[in-house]
Amino acid sequence: MLLEQIREFEESLVKTEFIYIAEDLLPRGGYKKTHFQADETTLNYVSKIGKTKNKIYDQKWIKQSIIPKITFNKNNIDPPYVCLFDELILQVLIKEYIGNNSGNVFNKILNYFNINENYYDFEVLSEKAISSGYIDLLIKRRHPIGKDHKIIIEVKKNKSRKKDIEQLTKYMEELEDCVGGILVANNFTKTCFKQISKTDKKILFIKYDFKNLDKTKDYVFQDLFNMLNLNIGYQLFL
């Protein structure tokens, strides 16, 4: 993947426009520990400051472009051409599906948590760092004013268990302005539903699967995206 620097600037992080990044850096241990992600408030701000980067990059070393494939069969792994399906890939699929489904899924989620606002006023962000761990996905207002409505999404590739509910509940208790949590998995144990009765937190179950999936084949990302199916409110139909 090629990344191009668009703007350059020197700014203090001690600004309200950088609050999402600043909150993320402290639990991660600073700049050099790992990546961090900006929300729309930050992106809008940095698009107006500094100056445009005009450097021309030497791309002679690029011999070919590839479209990586995703496999469910360990025998087919051939990095970087064929990669094994894992939780990180699933997180990106879920994020894209919620954000690019004409608002259908987004509206169902907001309605479940009694948020009577337009889905396009919200965004889905990847991996938010907090002191007790890393939130897989986070739904928040694009431009929060006063109190926010945050929803934590915990993604599990396989069957979800009691400990996943405990982990999600812990994250919800720590995150300020959190109104609920979502647990995404390909199935759930009975102990998951029993654990729900022990907490006053509002949790939504979403069961995922891929329509007509053939695990002997390899797929590009868009194939899996088109095949992805989310059963929202799974526990309500048991």
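Enquirer: Give a detailed account of helix H3 (residues 87-99), specifying residues and quantitative values.
Expert: For an α-helix, 3.6 residues make a turn, and residues three or four places apart therefore share a direction. Taking 1.5 Å per residue as the helical rise, H3 with its 13 residues ought to reach 18 Å, and the 18 Å between its terminal C-alpha atoms agrees with that figure. Two or three places before leucine 88, at the start of H3, stands the capping residue aspartate 86, its side-chain oxygen 3.3 Å from that residue's backbone nitrogen.

Enquirer: Provide a residue-level description of the sheet that holds strand S3 (residues 69-71), including the pertinent values.
Expert: Read across the open sheet, the 3 strands follow the order S4-S3-S12; overall the sheet is mixed. Two strands lie at the open edges of the sheet, namely strand S4 (82-84) and strand S12 (218-219), each paired on one side alone. Bridge analysis of S3 against S4 gives 3 bridges, and the strand direction is parallel. For isoleucine 70, the partnering residue across the bridge sits in S4 and is cysteine 83.

Enquirer: Just give me the short version of unusual backbone geometry, but keep the residues and values in it.
Expert: Cis geometry is found at the peptide bond from proline 79 to proline 80, where omega equals 0°. Its location among the elements puts proline 80 in the loop between S3 and S4. Even without glycine at this site, asparagine 114 takes up a positive phi of about 55°. Judged by its relative accessible area of 58%, asparagine 114 is exposed.

Enquirer: Now, about the sheet that holds strand S9 (residues 178-185): what can you tell me, with residues and values included?
Expert: Taken together, the 6 strands give an open sheet; going across it, the order is S5-S6-S7-S9-S11-S13, and neighbouring strands pair in mixed fashion. Both edges of this open sheet fall to strand S5 (122-130) and strand S13 (228-232), since each of them pairs with a single strand only. Taking the axes of each pair of neighbouring strands and ignoring which way they run, one obtains an average angle of 30° across the sheet. Across 5 bridges, strand S11 (residues 203-210) lies against S13 in antiparallel orientation. Residue pairing across strands places aspartate 209 opposite asparagine 229, the latter belonging to S13. Strands in contact with H3 are S5, strand S6 (133-141), strand S7 (150-155), S9, S11 and S13; relative to S13, the strand with the most contacts, it is inclined by about 75°. The strands touched by helix H5 (residues 162-174) are S5, S6, S7, S9 and S11; relative to S9, the strand with the most contacts, the crossing angle is about 155°.

Enquirer: How would you explain the environment of alanine 185 if you had to name every residue and give the values?
Expert: Summarising the element assignment, alanine 185 is placed in strand S9. Measuring from C-alpha to C-alpha, the distance between alanine 185 and leucine 90 comes to 9.8 Å, with 95 residues separating the pair along the chain. Filtering out sequence-adjacent residues up to four positions away, alanine 185 remains in contact with Lys156, Asn158, Ser160, Ile206, Lys207 and Tyr208.

Criteria and thresholds
Per chain, the residues get numbers from 1 upward, laid out in the order the sequence is written. The model is predicted, so local features are restricted to residues of pLDDT at least 70 and side-chain atom pairs to those at 80 or more, both for listing and for counting; the totals for chains, interfaces and linings are taken over all residues. The basis for every side-chain value is the complete set of heavy atoms in the structure, and neither hydrogens nor water enter the calculation. Helix numbering and strand numbering both begin at the N terminus, where a helix is a DSSP run of H or I of at least 4 residues and a strand a DSSP run of E of at least 2. Here the expected length of a helix is defined as 1.5 Å per residue gap, with one fewer gap than residues. Identification of polar contacts relies on pairs of N or O atoms within 3.5 Å, with a donor-acceptor requirement for protein atoms, meaning one able to donate a hydrogen and the other able to accept it, and with residues adjacent in sequence counted only if both atoms are side-chain atoms. By the convention used here, strands pair only if DSSP detects at least 2 bridges between them. Only protein chains enter the calculation, and the probe is 1.4 Å; a residue is then buried if its accessible area is under 20% of its type maximum, exposed if over 50%, and partly exposed in between. All axes here are fitted lines through C-alpha atoms, helices being fitted over the stretch that makes contact, and every angle between N-to-C directions spans 0 to 180 degrees. In this description, contact between two residues means that some pair of their heavy atoms is separated by no more than 4.5 Å.

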